[in-house]
Amino acid sequence: MSEITEGINPPMITVNELTKTYDGKVDAIRDISLTIAKGEFTVIFGPSGVGKSTFLRCLNYMVKPTSGEVIIEGESVGDLSTSKLLRLRSRVGMIFQSFNLVNRMTVLSNVMCGRLHSLSFLRALTYSFTHADHEAAIHALQRAGLEDDELYNRRSDTLSGGQQQRVAIARMLVQNPKIILADEPVASLDMKMQHTIMRLISDIATKDKITVVMSLHHLDLAKQYASRIIGLSDGQVAFDGPPESLSDDIIDKVFKIVDDKVIGTQDD
Ligand code: ADP
Ligand code: MG
């Protein structure tokens, strides 16, 4: 837990000695132990290849850790039955750099897919959504800043990048998530839209008291929006603290410098 939230909010996610080795040879993350408190906005920061995506995916066992433990609200994720793991995942919203929408489906259908977790097997199989699903999707789209209902029946791939990420955020909102895992959610967007989407995620998380764990390789964004920054270097925690403690001195020592810039602070 960071200094800010320690002793205030209960733990939401605890990882103990978490390690993921791909194919028996690539140590993507090594021996990571930390606790994230409920409501924290944590940014996992570091240049490409340090293990940010692997760390995020291990939290809900999308990637199965090689060793170590993930505990969410007191339950060890590795010990959950399949049905309990699915139930946990239904409350963990995910947002990705590439939006991960179904291109050929409409905006509204993409958002309603976020409700699939809560549908009966048969209804999920046949994509039969109810009036309540429809209403929830529209409400979520409005919260995500897509007010224009002309967009709702368009194929999702006809929207701009920023609009597509709003659709993905709406899809996540209908899950009523308690945790958001966001993997470089603004890396495909221009700088103005990066701030718009970061602010949107931050506002939603604050209002709904959602715990956010987000990977970013952009230091300025991390400093501006995170309540806590965890800097990874070569699969291990190299910095953990509030943004104001991440001094230039630490940045120079911990992260690699290329052409006088910390790798990852340049825009995409
Ligand atoms: P980041 O998100 O910080 O760029 P990743 O977690 O994607 O880092 O990758 C960490 C390391 O693990 C890298 O060396 C990467 O090549 C490797 N890696 C990631 N995914 C796989 C995979 N599915 N199979 C093998 N190696 C992988
Ligand atoms: Mg990544």
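Chemist: What am I meant to see in the overall build of the protein chain here?
Modeler: Helices and strands together make up the secondary structure of the protein chain, namely nine helices and 12 strands. For the protein chain, buried positions account for 39% of its 268 residues. Within the protein chain, contacts between residues separated by at least 24 positions form 72% of all contacts whose residues are at least 6 apart in sequence.

Chemist: Which parts of the structure should I look at to understand the sheet that holds strand E3 (residues 41-45)?
Modeler: Strands pair in a sheet through their backbones, by hydrogen bonds, and they do so in one of two ways: parallel or antiparallel. Spatially, E6-E7-E8-E3-E9-E10 is the arrangement adopted by the six strands of the open sheet, whose pairing is mixed. On the outer flanks of this sheet lie strand E6 (92-96) and strand E10 (236-241), each paired with one strand and no other. Strand-to-strand twist across the sheet, computed as the mean angle between neighbouring axes with direction ignored, equals 15°. The pairing of E3 with strand E8 (residues 211-216) spans five bridges and is parallel.

Chemist: Hey, could you run me through the sheet that holds strand E2 (residues 26-37) in this one?
Modeler: Judged by pairing direction, the sheet is antiparallel, and its four strands sit side by side in the order E2-E1-E4-E5 without closing on themselves. Across the chains shown, the open sheet's two edge strands, defined by having one partner strand only, are E2 and strand E5 (75-76). Relative to E2, strand E1 (residues 11-22) is paired through eight bridges, and the arrangement is antiparallel. Within E2, the residue paired with Val15 across the bridge is Leu34.

Chemist: Help me understand the site of ligand 1, please; the structure alone is not making it clear to me.
Modeler: Residues in close proximity to ligand 1 include Tyr22, Asp23, Val26, Ala28, Gly46, Ser48, Gly49, Val50, Gly51, Lys52, Ser53 and Thr54, which together make up its full environment. The set of elements that each furnish at least two residues to the shell around ligand 1 consists of E2 and helix H1 (52-59). Looking at the shell around ligand 1 residue by residue, the classes come out as four nonpolar, six polar and two charged.

Analysis parameters
- Residues numbered from 1 in each chain as written.
- Chains lettered and ligands numbered in written order.
- Predicted model: local features only at pLDDT ≥ 70, side-chain atom pairs only at ≥ 80, totals over all residues.
- Helix = DSSP H or I, 4+ residues; strand = E, 2+ residues; numbered from the N terminus.
- Buried ≥ 20, exposed ≤ 12 C-beta atoms within 10 Å, placed from the backbone.
- Contact = placed C-beta atoms within 7 Å.
- Pairing = 2+ DSSP bridges.
- Axes fitted to C-alpha atoms, helices over the stretch in contact; angles between N-to-C directions.
- Near = placed C-beta within 6 Å.
- Nonpolar A, V, L, I, M, F, W, Y, C, P; charged D, E, K, R; others polar.

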